[in-house]
Amino acid sequence: SATLTIRVLNHCGTCYYCRHGRENLCKNSYKKSAAAAGQLLPNGLSEYLCVDANQVYKLSNDLPYEQAVFVEPFACVLNSIDRGQIHLGDDVVVIGGGVMGILHVIAAKLSGARVILSEPYKPRAEMAKKYGCDIVIDPTIVDPVEEVKRITDGEGANVVFNTTPIVKVAEQAVQMTAQMGRCVMYSSMHPDVPIQVSPNYIHNTEIVITGSKSPSIEAFDTSARILSKKIVDLTPLLTESYSMEEADTAFERAMSVETYRVMIKW
Ligand SMILES: [Zn+2]
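Residues numbered from 1 in each chain as written. Predicted model: local features only at pLDDT ≥ 70, side-chain atom pairs only at ≥ 80, totals over all residues. Heavy atoms only, no water.

**A closer look at the coordination of the zinc ion**
Note the following rule: Each metal's donors are the N, O and S atoms found within 2.8 Å of it, except that Na, K and Ca use a 3.2 Å limit; water is left out, so coordination can look incomplete. Key to geometry: four donors with every angle between 85 and 135 degrees are tetrahedral; four donors are square planar and six octahedral where opposite donors lie over 155 degrees apart and all remaining angles lie between 65 and 115; all other sites are irregular. Think of it in three bands: residues with accessible area under 20% of the maximum for their type are buried, residues over 50% are exposed, and the middle band is partly exposed, with areas taken using a 1.4 Å probe on protein chains only.
Around the zinc ion, the protein contributes the donor atoms Cys-12 (SG), Cys-15 (SG), Cys-18 (SG) and Cys-26 (SG), which lie 2.3 to 2.4 Å from the metal centre. Seen from the zinc ion, its four donor atoms lie at angles of 102 to 118°, and the figure they make is tetrahedral. Each donor residue of the zinc ion belongs to the same chain, with the gaps between them written as C-x2-C-x2-C-x7-C. Exposure remark for Cys-18: the relative accessible area of 11% places this residue in the buried category.

In structure tokens, the structure reads:
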């Protein structure tokens, strides 16, 4: 009867990345699960799932499933926050106010930053403010790079997280990163078109451009602990839930700008 969650992304434990604490970059992830479970991918939305015991994380028994479903996405974001290396008092920009953007806002606030969200859709801007976002800018009204520089006395943001799959925005993310800052490409890009980056800007400013892929074991465990201890309440981000029979509707609703996360229950 325990409330559990699983880190579906497995890892081999023996490759260079696993042995250097970066299991999220394991070259052999998925392969072991395929052999163990007779399936190609970890999968989900199934009544039974075969996983290694070390992929299972126990949650607080009074944590509702509506919160427990956020362990994995929040863990992905905590890995990104780890890549961003936020310091107390930093200016952090989060680009995009979808569920991943809002989770970045929450985690950046927990890390002691002043958080600026770039998001044009008003309900998402309001949700970010409910979670303590300090400033929201509308990139359809102002130039986001100029606006971030204006807010930060011309410096730019110490850490920038791009949670959108938009190439032009990725370019802006680099441009609004302050000297010595870190720019994290959280989202994958669709389409993955190369962006223009000035090598001299990197040379002169020592900015670090990095990415974030999947959750590390540490990020997953931290996420499970934060939610189990109810340090944050993510209930408002679980917009709708559906039965298995209504799965088609659930997927359609999950694509809508009106929803954050949609849950299927059975
Ligand atoms: Zn590995």
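**As for the domain arrangement of the protein chain**
The condition is simple: Note that domain bounds follow an automatic or database assignment of domains. Residues count as neighbours in contact if any of their non-hydrogen atoms are within 4.5 Å of one another. Put simply, buried area is how much 1.4 Å-probe accessible surface two parts lose in total, over both of them, once they are put together.
Annotation of the protein chain at the domain level lists domain 1 (4–73 + 216–265) and domain 2 (82–211). Centre-to-centre separation of domain 1 and domain 2, based on C-alpha positions: 26 Å. The interface is formed by 16 residues belonging to domain 1 together with 15 residues belonging to domain 2. For the pair domain 1 and domain 2, the summed buried surface comes to about 1200 Å²; carbon and sulfur atoms form 69% of the total.

**Some thoughts on the pairing of strand β6 (residues 157–162)**
Our working definition: Comment: elements are numbered from the N terminus, with helices defined as DSSP H or I runs of at least four residues and strands as E runs of at least two. When DSSP locates at least two bridges between a pair of strands, those strands are taken to pair. Crossover handedness is defined here as right-handed if the route from the first strand over the helix to the second strand goes clockwise, with the strands pointing away from the viewer.
Burial of β6 is extensive: five of the six residues sit out of reach of the surface. Relative to strand β7 (residues 177–185), β6 runs parallel, the two being bridged by five bridges. Residue Phe-161 lies in a different strand from β7, and its bridge partner there is Val-184. Handedness of the β6-helix α8 (residues 167–175)-β7 crossover: right-handed.

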